[in-house]
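Listed below, chain by chain, are the residues.
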Amino acid sequence: QVQLVESGGGSVQTGGSLTLSCAASGRTFSSYNIGWFRQAPGKEREFVAAITWNSGGTYYADFVKGRFTIVRDNGKKTVYLQMNSLKPEDTAVYYCAAGRSLVFTTSGYNYWGQGTQVTVSS
């Protein structure tokens, strides 16, 4: 079992940057693929980025390509989402999730954090 805790959210202006962290507990963290999702008010939760268990592959939604970077440090049991050039439409609650399958939908992930709020003002 894996427990996940997100941190690093906050309020920034358009063009600003934030780095989100997803800290895990549990001995099997390094065997899980990790995804970042976000959910804006009134909208469904959507895929943002994912990284494989061994950092062999990274994947991004089209709307964040070139702006966001996902990395993981299995020694620290932490996955990071570096977010640059933030836009007001990036405003949402951001969640990290762990799963065995590499998929880009919420159904593929078994464990979820509580989320961290990101607000981008114009």
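Before reading further, recall that the structure is shown in the block above.
Rules used throughout
- Residues numbered from 1 in each chain as written.
- Predicted model: local features only at pLDDT ≥ 70, side-chain atom pairs only at ≥ 80, totals over all residues.
- Heavy atoms only, no water.
- Salt bridge = Lys/Arg side-chain N within 4 Å of Asp/Glu carboxyl O.
- Core = buried A, V, L, I, M, F, W, Y, C linked by side-chain atoms within 4.5 Å.
- Buried < 20%, exposed > 50% of the residue type's maximum accessible area, 1.4 Å probe, protein only.
- Helix = DSSP H or I, 4+ residues; strand = E, 2+ residues; numbered from the N terminus.
- Contact = heavy atoms within 4.5 Å.
- Phe/Tyr/Trp six-rings, centres within 6.5 Å; stacked < 30°, edge-to-face > 60°.
- Lys NZ or Arg CZ within 6 Å of the ring centre and 35° of its normal.

Caption draft 1: A look at the pattern of salt bridges. All chains considered together, the criterion is met by four salt bridges. Among the ionic pairs, Arg 38 bridges to Glu 46, the shortest N-O distance being 2.8 Å.

Caption draft 2: Examining the nonpolar core more closely. In this structure, Trp 36, Val 48, Phe 68, Val 79, Leu 81, Met 83 and Tyr 94 are the most contacted members of the largest nonpolar core, which totals 33 residues. Of all the secondary structure elements, the ones that give two or more residues to this core are β3 (18–25), β4 (33–39), β5 (46–51), β7 (68–73), β8 (78–83), β9 (92–99) and β11 (116–121). What Met 83 contacts, discounting residues up to four positions off in sequence, is Gly 16, Ser 17, Leu 18, Leu 20, Arg 67, Phe 68, Tyr 94 and Val 118.

Caption draft 3: Region of the structure containing the packing of aromatic side chains. Per the stated rule, a full pass over the model turns up eight aromatic pairs. Where Tyr 95 meets Trp 112, the ring centres are 6.5 Å apart and the plane angle is 75°; that geometry is what we call edge-to-face. Placement of Tyr 95 in strand β9 and of Trp 112 in strand β10 (residues 111–112) is noted, with a sequence separation of 17 residues between them. A relative accessible area of 13% places Tyr 95 in the buried class. Using a relative accessible area of 27% as the deciding quantity, one classes Trp 112 as partly exposed. Arg 45 extends its terminal NZ or CZ atom over the ring of Tyr 95, reaching a point 3.7 Å from the ring centre. Here Arg 100 stacks its cationic end above the ring of Tyr 32, 4.0 Å away from the centre of that ring.

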